[in-house]
Number of protein chains: 2
Amino acid sequence: MTERRPRKDAIRNRAAVLAAADALFARCEHPEEVTMAGIATAAGVGKGTLFRAFGDRTGLIRALYEARLEPVRTTVEEGPPPLGPATPPLQRVPALLDAILCFKLDNRHLALALEQTGADSPYRTEHYERWHALLRDLLRRIPGPADSGFTAHVLLAATRADLVEYLAGEQRTPREELRRQLADFTAGVLGTRERPGPDAEG
Amino acid sequence: MTERRPRKDAIRNRAAVLAAADALFARCEHPEEVTMAGIATAAGVGKGTLFRAFGDRTGLIRALYEARLEPVRTTVEEGPPPLGPATPPLQRVPALLDAILCFKLDNRHLALALEQTGADSPYRTEHYERWHALLRDLLRRIPGPADSGFTAHVLLAATRADLVEYLAGEQRTPREELRRQLADFTAGVLGTRERPGPDAEG
DNA sequence: AAGGAAGCGGACCACTGGTCCGCATCGTAC
DNA sequence: GTACGATGCGGACCAGTGGTCCGCTTCCTT
């Protein structure tokens, strides 16, 4: 329990590094062209400081990602409907997926950088496990013969960073259309799709 | 038009490189520990030969992958049902996805190596475009309000190499169970699942 | 047989993530 | 305020990667 508080220069440097990295990832097209040395320079610190504070490149990216994701997580875990825990599963599942999709759209560069850290599978990260567990539990409360765990994986795969990047960034699919497509697909999986209707195909 | 045939030593070397790379990828757990120099040494050629024949690392992996995939492609394009073109969409879609899943299970290392080539998105490859176009066209012939293109992307995302690796390799999901889960999910998406309640046109 | 084209190979290069340790900075005890 | 040990800093340094280059070898053609 002798958790000594970090020194104030350490705190300042950590913040500077995170800010610099965030800016660099936002500015650059391909995440791999953001190097550790570049981040260090941009933050005005030495490389050693980066590795001391975050362990390695993956650790830095993960820290950045988690920081950005934190508001979403809070809203999901203790916010009001339709994202919060009080929402019935049939509405919460699509709301959750939409929130994740929007997050990835708003943080494409970061999400891409994180998933592209080839070293370890993107499935063994804490935040993936969390989303998956939540989604799986929600799906379990919705009648349907398909395996909830697998369905949760596939629904999450529909929001993978590189797919989102491909559709939104390269194919220029507009944000709202992408959201609608995901919602439609989700509705189909959940069986909540409105029956024969005027589906205005755009 | 003046396509000169390659010299015979070039042909021999190319084959040797492909064989050596295949063996190395099969032997190693993580694809990134297979280096170009290692492949060259194992094949008994110089590094220059690798790059001359395949352009870069991605080119080599892609060539290997396409070579392995070729039988599947042939079966799909001109084979008998349920994979061949004579099959009605409602049966061909699940058959196609099952074939892709099995292929990835049988070639996990290669598929992983290919998808992990972070440089370019896995969505802009020739074979992905081919699978996607085929799947999308099949889906178009099945009534359903969801966007066929997007649905095709998500169904293909369900067979992504790292997800398959995670489920089969790390979580030890048995092959047959994985196939069943994918089939179940697909059936749900297609609406071909025997449903107790409201059946749409099907 | 001879000449030129195609291909070879491995030293070489640029650059990366990551380490290391002498030195500056900080928090604390007096 | 000052002295002092602990904490953190920084950038030279390292190992190892993908990729290039060019003198030399092998092959094909005539």
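This one's a predicted model, so the numbers in the text were calculated from it and none came from an experiment.

**Student:** Tell me about the relation of the copies chain B and chain A, and please be specific about residues and values.
**Tutor:** These two copies of the chain differ by a rotation about an axis and a displacement along the same axis. Overlaying chain B with chain A gives an RMSD of 0.2 Å, the required rotation being 180 degrees about an axis along which the chain moves by 0.0 Å. Both copies are brought into coincidence by an operation consistent with a two-fold rotation axis. Most of the interface of chain B is mirrored in chain A: 100% of its interface residues are interface residues there too.

**Student:** So what's going on with the environment of A:Val34? Which residues, and what values?
**Tutor:** Residues and elements named next belong to chain A. With respect to the element layout, Val 34 can be found in the loop between α1 (8–27) and α2 (36–43). Val 34 sits in the buried class, given a relative accessible area of 2%. As a C-alpha pair, Val 34 and Gln 116 span 82 residues in sequence and 13 Å in three-dimensional space. Not counting the four nearest positions on each side in its chain, Val 34 is found in contact with Leu 24, Phe 25, Cys 28, Ile 39 and Arg 57.

**Student:** How would you explain empty space enclosed by the protein if you had to name every residue and give the values?
**Tutor:** A water-sized probe, rolled over the atoms, reveals where empty space remains. Residue and element names in this part refer to chain A. Tallied over the entire structure, the rule returns four cavities of 30 Å³ or more. There is about 300 Å³ of room inside the largest cavity. Contributing to the lining of the largest cavity are 23 residues, with Lys 104, Glu 115, Pro 122, His 127 and Tyr 128 lying nearest its centre. Taken together, the elements giving at least two residues each to the lining of the largest cavity come down to α4 (57–78), α5 (89–106), α6 (108–115), α7 (126–140) and α8 (148–157). The element contributing the most residues to the lining of the largest cavity is α4, with four residues.

**Student:** Lay out the pattern of salt bridges with the relevant residues and their values.
**Tutor:** All names here are of chain B. Enumeration over the complete set of coordinates arrives at 32 salt bridges over all chains. Between Arg 7 and Asp 9 there is a salt bridge, with the nearest N and O atoms lying 2.8 Å from each other. You can call Arg 7 exposed: its relative accessible area is 62%. You can call Asp 9 partly exposed: its relative accessible area is 25%.

**Student:** Account for the protein's contact with DNA strand D, naming residues and giving values.
**Tutor:** Surrounding DNA strand D, one finds 23 residues, the nearest of these being A:Arg7, A:Asn13, A:Gly48, B:Lys47 and B:Arg57. In DNA strand D, atoms within 4 Å of the protein come 66% from sugar and phosphate. Interatomic distance of 3.4 Å between a backbone N/O atom of A:Lys47 and a base nitrogen of DNA strand D. Looking at the surface near DNA strand D, the elements that each hand over two or more residues are α1 and α3 (47–54) of chain A together with α1 (8–27) and α3 (47–54) of chain B. Tallying contributions element by element places α3(A) first for the surface near DNA strand D, with four residues.

**Student:** How would you summarise the protein's contact with DNA strand C if you had to cite specific residues and measurements?
**Tutor:** Around DNA strand C, a shell composed of 22 residues is seen, among which A:Lys47, A:Arg57, B:Arg7, B:Asn13 and B:Gly48 lie nearest. Interatomic distance of 3.4 Å between a backbone N/O atom of B:Lys47 and a base nitrogen of DNA strand C. Take B:Thr49: an N or O atom from its side chain is 3.2 Å from a phosphate oxygen of DNA strand C. Breaking the surface near DNA strand C down by element, the ones donating at least two residues are α1 and α3 of chain A together with α1 and α3 of chain B.

**Student:** Quick one: what's the story with the UniProt feature "DNA-binding region" (unreviewed entry) in chain A, residue by residue and with numbers?
**Tutor:** Following the UniProt record, one finds the feature "DNA-binding region" (unreviewed entry) at residues 35–54 of chain A. As annotated, residues 35–54 of chain A comprises 80% helix and 0% strand, and the C-alpha atoms at either end are separated by 14 Å.

**Student:** Which residues make up the domain arrangement of chain A, and what are the values?
**Tutor:** Residue and element names in this part refer to chain A. Considered domain by domain, chain A is made up of domain 1 (1–55) and domain 2 (58–190). The centre of domain 1, based on its C-alpha atoms, is set 27 Å off from the matching centre of domain 2. The interface of domain 1 with domain 2 comprises 13 residues on the first partner and 11 residues on the second. Where domain 1 packs against domain 2, one counts one salt bridge. One salt bridge in this structure joins Arg 68 and Asp 22, with 2.8 Å as the shortest N-O distance. At the boundary of domain 1 with domain 2, the tally comes to one residue pair in polar contact (both at pLDDT 80 or more). Counting residues per element, the ones that place at least two in the side of domain 1 that touches domain 2 are α1, α2 and α3. In terms of residue count, α1 provides more of the side of domain 1 that touches domain 2 than any other element does, seven residues in total. For the side of domain 1 that touches domain 2, the class distribution of residues is 10 nonpolar, no polar and three charged.

Reading the values: the criteria
Each chain has its residues counted from 1, following the order in which its sequence is written. All chains are assigned letters beginning with A, and all ligands numbers beginning with 1, in the order in which they are written. Totals for whole chains, interfaces and linings use every residue, but because this is a predicted model, local features are given only for residues with pLDDT of at least 70 and side-chain atom pairs only at 80 or more, for both listing and counting. Values reported for side chains reflect all heavy atoms of the structure, with hydrogen atoms and water molecules removed beforehand. Copies are brought into register by a least-squares superposition over C-alpha atoms of residues with pLDDT of at least 70 in both. Here, two residues are considered to be in contact whenever any of their heavy atoms come within 4.5 Å of each other. Comment: elements are numbered from the N terminus, with helices defined as DSSP H or I runs of at least four residues and strands as E runs of at least two. Accessible area is worked out with a 1.4 Å probe on protein chains only. A residue is then buried under 20% of its type maximum, exposed over 50%, and partly exposed in between. Buriedness for pockets is judged along seven lines, at least five of which must meet protein on both sides within 12 Å for an open set on the 1 Å grid over protein atoms alone, while cavities are sets there where a 1.4 Å probe fits but cannot get out, and lining residues have an atom within 4 Å of a point. Grid points are joined across faces, edges and corners, and a volume is the space filled by probe spheres set on the points. Throughout this description, the term salt bridge denotes a Lys or Arg side-chain nitrogen within 4 Å of a carboxyl oxygen of Asp or Glu. If a single non-hydrogen atom of a residue is within 4 Å of a molecule or strand, that residue counts as near it. Polar contacts, as used here, are pairs of N or O atoms within 3.5 Å; protein pairs need one atom able to donate a hydrogen and one able to accept it. Residues neighboring in sequence count only if both atoms are side-chain atoms. UniProt positions are given in the numbering used here, feature names are shortened, and annotations may be inferred rather than shown by experiment. All the domain ranges listed were derived from an automatic or database domain assignment. The nonpolar class holds Ala, Val, Leu, Ile, Met, Phe, Trp, Tyr, Cys and Pro. Asp, Glu, Lys and Arg form the charged class, and all remaining residues, Gly among them, are polar.

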